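# A look at the structure
Listed below, chain by chain, are the residues.
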Amino acid sequence: MTPTTIDGAALLNEVEAFHRRFNVFPTEAAYVAVTLWDAHAHLIECFETTPRIAFLSPEPGSGKSRALEIVELLTPRPVTTVSASANALYRLVDAAAGLPTVLFDEVDTIFGPKAGADEALRGFLNAGYRRTAGALRCVGEGSIQNAQIFNSYCAVAMAGLGSLPDTVLTRSVIVRMRKRAPNEKVEPYRQRIHEKQGHALRDRLAKWADTVREQVADAWPEMPDGVTDRPADVWEPLLAVADAAGGPWPTRARAACLELVHAAHDNDEASLGVRLLTDLRDKVFCGEERMPTAAILECLLVMDDAPWGDLDDKPINSRTLARMLGQYVTPANKPIKPRGIRTPSGFPKGYYAEDLTDAWTRYCPPPPGESATSATSATPQVSGGESVADTATPIRHTPEETATQPTLAG
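Residues numbered from 1 in each chain as written. Predicted model: local features only at pLDDT ≥ 70, side-chain atom pairs only at ≥ 80, totals over all residues. Heavy atoms only, no water.

On to the side chain of Ser62. Position of Ser62 relative to the elements: it lies in the loop between strand S1 (52-57) and helix H3 (64-74). Judged by its relative accessible area of 5%, Ser62 is buried. At 2.9 Å, the side chain of Ser62 forms a polar contact with the backbone oxygen of Glu59. Aside from chain neighbours lying at most four places away, what touches Ser62 is Ser57, Met177, Arg178 and Lys179. (Helix = DSSP H or I, 4+ residues; strand = E, 2+ residues; numbered from the N terminus. Buried < 20%, exposed > 50% of the residue type's maximum accessible area, 1.4 Å probe, protein only. Polar contact = N/O pair within 3.5 Å; in protein donor to acceptor, adjacent residues only side chain to side chain. Contact = heavy atoms within 4.5 Å.)

We now examine the side chain of Arg281. With respect to the helices, strands and loops of the structure, Arg281 is situated in helix H9 (residues 249-285). On the basis of relative accessibility, which here comes to 6%, the residue Arg281 falls in the buried class. There is a polar contact of 2.7 Å between the side chain of Arg281 and the side chain of Asp282. Excluding anything up to four places from it in sequence, Arg281 contacts Cys286, Trp360, Cys364, Pro365, Pro366 and Pro367.

Taken as a whole and assessed by the stated rule, the structure comprises 6 aromatic pairs. Seen in terms of ring centroids, Phe18 and Phe22 are 5.2 Å apart; in terms of plane orientation they differ by 75°. Their pairing is edge-to-face. In this pair, Phe18 and Phe22 both sit in helix H1 (residues 8-22), 4 residues apart, roughly one turn of the helix. With relative accessibility at 3%, the residue Phe22 sits in the buried group. Through successive ring pairs, a cluster of aromatic residues spans Phe18, Phe22 and Tyr189. Positioned over the ring face of Trp249 is Arg252, at 4.8 Å from the centre of the ring. Stacked on the ring of Tyr352, the Lys or Arg Arg339 has its end atom at 4.0 Å from the ring centre. (Phe/Tyr/Trp six-rings, centres within 6.5 Å; stacked < 30°, edge-to-face > 60°. Lys NZ or Arg CZ within 6 Å of the ring centre and 35° of its normal.)

Time to look at unusual backbone geometry. Residue Cys286 is not a glycine yet carries a positive backbone phi of 45°. Unlike most non-glycine residues, Asp305 shows phi in positive territory, near 55°. Tracing the backbone through its elements, the reader meets Asp305 in the loop between helix H10 (293-301) and helix H11 (318-325).

Applying the stated criterion to the full structure yields 17 salt bridges. Across the pair Arg20 and Glu28 runs a salt bridge, and its minimum N-O distance is 2.5 Å. Take Arg20: its relative accessible area is 32%, and that puts it in the partly exposed class. For Asp279, the salt bridge is made with Arg275, and the minimal N-O distance between the two is 3.0 Å. Of the two residues, Asp279 and Arg275 both sit in helix H9, 4 residues apart, roughly one turn of that helix. Judged by relative accessible area, which is 27%, Arg275 ranks as partly exposed. Because the salt bridges share partners, they merge into one network encompassing Glu16, Arg20, Glu28 and Arg252. (Salt bridge = Lys/Arg side-chain N within 4 Å of Asp/Glu carboxyl O.)

The 3 strands are arranged S8-S10-S9 in an open sheet whose pairing can be described as antiparallel. Both edges of this open sheet fall to strand S8 (290-292) and strand S9 (339-340), since each of them pairs with a single strand only. Sheet topology note: the S8/strand S10 (residues 349-352) ladder contains 3 bridges and is antiparallel. In the sheet register, Pro292 faces S10, and the bridge partner there is Gly350. Most of the contacts of H10 go to S8, to which it runs at about 85°, and overall it touches S8 and S10. The strands that helix H12 (residues 353-363) touches are S9 and S10; relative to S10, the one it contacts most, it runs at about 50°. (Pairing = 2+ DSSP bridges. Axes fitted to C-alpha atoms, helices over the stretch in contact; angles between N-to-C directions.)

Following this line, the structure appears as structure tokens:
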């Protein structure tokens, strides 16, 4: 080995070991993905896409911010923020210093029904995933304005509670962090000591990146079976880095790719389904025996901090509701489906609490104010009182929804 040769596989091993000193990730695949992501940030000009990496957890104190701090030490030109305007980020990317690595902590605060102006920030995160995207802005003074395209392509790492919009998640490698168990120990992080060590690794990553830049730019890494479309776009840069490093990394990278791609799909579907069931039990039915679909949708769409106003960039509708609930079964082990509800004004489709009881019992946490032992008795009971179906405020459907409503199976 000549003095100028850098062993890429050994260097990635050191980067992984550095993360392990301070972070407990949920799986071995997560260590592989984060290590490759750190290295890819030094080669970002070689790729057509740059995956976001998202450290997410259901509760605070799960190590998300610490993971972001270690990533900051290992990546080029890091900029850490918890609040930034889209325009500021566009100008940062276009600065002469070079492409930054944007580290966004508490990213969950910029999404949701009350995001408002932060929709522009979501646009930055989505557009900057691909090299060809950008933002068109007017630049100038007074009446003298010129149109200018601002680039948004840069590496972005995020940390936040809960989940993120699908448009962001599908562009991300997702690491679902957990609180450390009592037997899981990490080394205390001291910035004034460990920053120098991290920066030394960062500088070596940069030197290694210079030696493989042409190889990576021309690479077309082989994808694992079944990984296509957006997941392939996300993982292609990471696999290219692994192939350039050699050693065990190409094999480890593809195993991690399969595991995390499958986990992202499974976890998102499960968490969203459980959220829907829980919201129906605690905020929609609230003891009622039946509810028209229109009334259910109305309740879901006015909930604060709920995902129902933005599922794949559109609000939940009757079709989506039927599809999501159809994944679960009634006490008779049949898929939950809308049924006719007799009301003084007609016979609309809707859902019955008795059909949801089994799913509520099996998948939902105990209702607010009740212990786990009483959760099984939390199912709304059929009563002889007035049904919400008779009193629910009607909502107006679009022509498309009106046309599709009768087609739902009874």
